[in-house]
Amino acid sequence: VEYISQLRQLTLPKLVDILGEQTGTLLHSLCRGEDHSRVHRFDREKTMSEEDSFRACDNMVDTEKRISGLLISLLERIDARFSRHGDLPTLIRLTVRDRASAKRKGLQSQGYFAQRHSKQMPVRMGFFHCEYSKREERLMGHLMDLFMKLVPTSRFHLTLLNVAVAKFQPYGGMKGKQKGIDFFLNRMENGTTPQSRETGSGIDANTCNQSKIEGSFQNQNIGNLRNF
């Protein structure tokens, strides 16, 4: 059997006989477009990451450039999430795949697909806030510290890098008043509009990307806002 059309020609008893009851029944339904599993509400990600795989990276200049690119992309996603949910991560993780390390450990057979290694550290959530002017510098410092622990030698041959954050927590700022878009929408559903202490808008003045949000939504109704 190579095609779905061929799979559909097999009867349910035949598939169960070949693959067992659970797998046979599942394939019989899926090849006919039938899926009776329950739809679960989507929860917020517990972890966010950016990853890059490549043939070779064997010097610090290239390594820093690649890690920096992953961090910048990840920070854009963190800012978007903060604007909606008002939370920030408190942990950062770096994962590498080092072909040279695998060879030193006698794992030459793994070659390009050598085992991944990770290290992580807790980070103050304020370092991830978009208004913190030195956040990229501070976070890059943490990531390079993790890299030196993962690859404590000048000879390496990387084929993968991954930057991840986790353990999101609500961000209260200095006065504990910042709120995300979720808070704004919940108040609208209840018939009340949260007022900012400084701007009088529905979104607090210190929320990330306020200007982007206002520019995107100023001509849209609340129904469109819910689909953001």
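Residues numbered from 1 in each chain as written. Predicted model: local features only at pLDDT ≥ 70, side-chain atom pairs only at ≥ 80, totals over all residues. Heavy atoms only, no water.

Peer 1: Go over the environment of R97, please, and point to the residues and values.
Peer 2: Tracing the backbone through its elements, the reader meets R97 in strand β3 (residues 91-98). Since its relative accessible area comes to 7%, R97 is described here as buried. As for R97 and L150, which are separated by 53 residues in sequence, their C-alpha atoms are 9.8 Å apart. For R97, the side chain forms a polar contact with the side chain of T159, separated by 2.8 Å. (Helix = DSSP H or I, 4+ residues; strand = E, 2+ residues; numbered from the N terminus. Buried < 20%, exposed > 50% of the residue type's maximum accessible area, 1.4 Å probe, protein only. Polar contact = N/O pair within 3.5 Å; in protein donor to acceptor, adjacent residues only side chain to side chain.)

Peer 1: Requested: an account of the packing of helix α2 (residues 12-19) against helix α3 (residues 21-30), with residues and values cited.
Peer 2: It is the contact of α2 with α3, at a shortest axis distance of 7 Å, that shows an interaxial angle of 140 degrees. Considering their axes alone, α2 and α3 lie oblique with respect to each other. As α2 runs across α3, the sense of the crossing is right-handed. Across the interface between the two elements, L12, L15, V16 and L19 from α2 touch E21, T23, G24, T25, L27 and H28 from α3. The residue makeup of the contact of α2 with α3, split by class, is 5 nonpolar, 4 polar and 1 charged. (Axes fitted to C-alpha atoms, helices over the stretch in contact; angles between N-to-C directions. Parallel < 35°, antiparallel > 145°, perpendicular 65-115°, else oblique. Left-handed = near helix turned anticlockwise from the far one by under 90°. Contact = heavy atoms within 4.5 Å. Nonpolar A, V, L, I, M, F, W, Y, C, P; charged D, E, K, R; others polar.)

Peer 1: Talk me through the nonpolar core; I want residue IDs and the actual numbers.
Peer 2: By size, the foremost hydrophobic cluster in this structure holds 34 residues, and its most contacted members are I92, L94, F128 and L158. Mapped by element, the contributors of at least two residues to this core are β1 (47-57), α4 (60-85), β3, α6 (135-150) and β5 (158-166). Apart from residues lying up to four places away in sequence, L94 is in contact with I67, H117, S118, K119, L143, L146, F147, L150, L161, N162 and V163. (Core = buried A, V, L, I, M, F, W, Y, C linked by side-chain atoms within 4.5 Å.)

Peer 1: So what's going on with the packing of aromatic side chains? Which residues, and what values?
Peer 2: Per the stated rule, a full pass over the model turns up 3 aromatic pairs. Ring geometry for F82 and Y171: centres 5.8 Å apart, planes at 70 degrees, overall edge-to-face. Here F82 is found in helix α4, whereas its partner Y171 is found in the loop between β6 (169-170) and α7 (181-189), with 89 residues between them in sequence. Both residues of the pair, F82 and Y171, count as buried. Arranged with centres 5.4 Å apart and planes meeting at 10 degrees, the rings of F127 and Y132 form a pair that is stacked. On the accessibility criterion, Y132 (24% relative accessible area) is partly exposed. (Phe/Tyr/Trp six-rings, centres within 6.5 Å; stacked < 30°, edge-to-face > 60°.)

Peer 1: Any chance you could break down the pattern of salt bridges for me, citing the residues and the numbers?
Peer 2: Side chains that differ in sign of charge can pair as their charged atoms come close. Summed over all chains, the structure comprises 8 salt bridges. One salt bridge connects D62 with R66, and the closest N-O pair in it is separated by 3.2 Å. Of the two residues, D62 and R66 are both situated in helix α4; the distance of 4 residues between them amounts to about one turn of the helix. For the salt bridge of D79 with R135, the shortest nitrogen-to-oxygen distance reads 2.8 Å. (Salt bridge = Lys/Arg side-chain N within 4 Å of Asp/Glu carboxyl O.)

Peer 1: So what's going on with the sheet that holds β1? Residues and values would help.
Peer 2: Across the sheet, 4 strands lie side by side as β1-β5-β3-β4; this open sheet has antiparallel pairing. Both edges of this open sheet fall to β1 and β4 (116-122), since each of them pairs with a single strand only. Ignoring strand direction, the axes of neighbouring strands in this sheet form an average angle of 15 degrees. As paired strands, β3 and β4 are joined by 7 bridges and run antiparallel to one another. Across the sheet, L94 pairs through a bridge with K119, a residue of β4. Relative to β1, α4 is tilted by about 160 degrees, and along the sheet it contacts β1, β3 and β5. Where α6 meets the sheet, it contacts β3, β4 and β5, and its direction lies at approximately 40 degrees from that of β3. (Pairing = 2+ DSSP bridges.)

Peer 1: I'd like a description of the confidence of the model for the protein, backed by residues and values.
Peer 2: Predicted coordinates in areas of low pLDDT are best not read in detail. For the protein, mean pLDDT is 79; residues scoring 70 or higher make up 71% of the total. For the protein, per-element mean pLDDT is lowest for helix α9 (residues 222-226), which scores 40, and highest for α6, which scores 96. The model gives residues 193-207 a pLDDT under 50, and that stretch makes 35 contacts with residues more than four places away or in other chains. Of the regions scoring below 50 in pLDDT, residues 211-228 engages in 15 contacts with residues more than four places distant in sequence or in other chains. (pLDDT = per-residue confidence, 0-100.)

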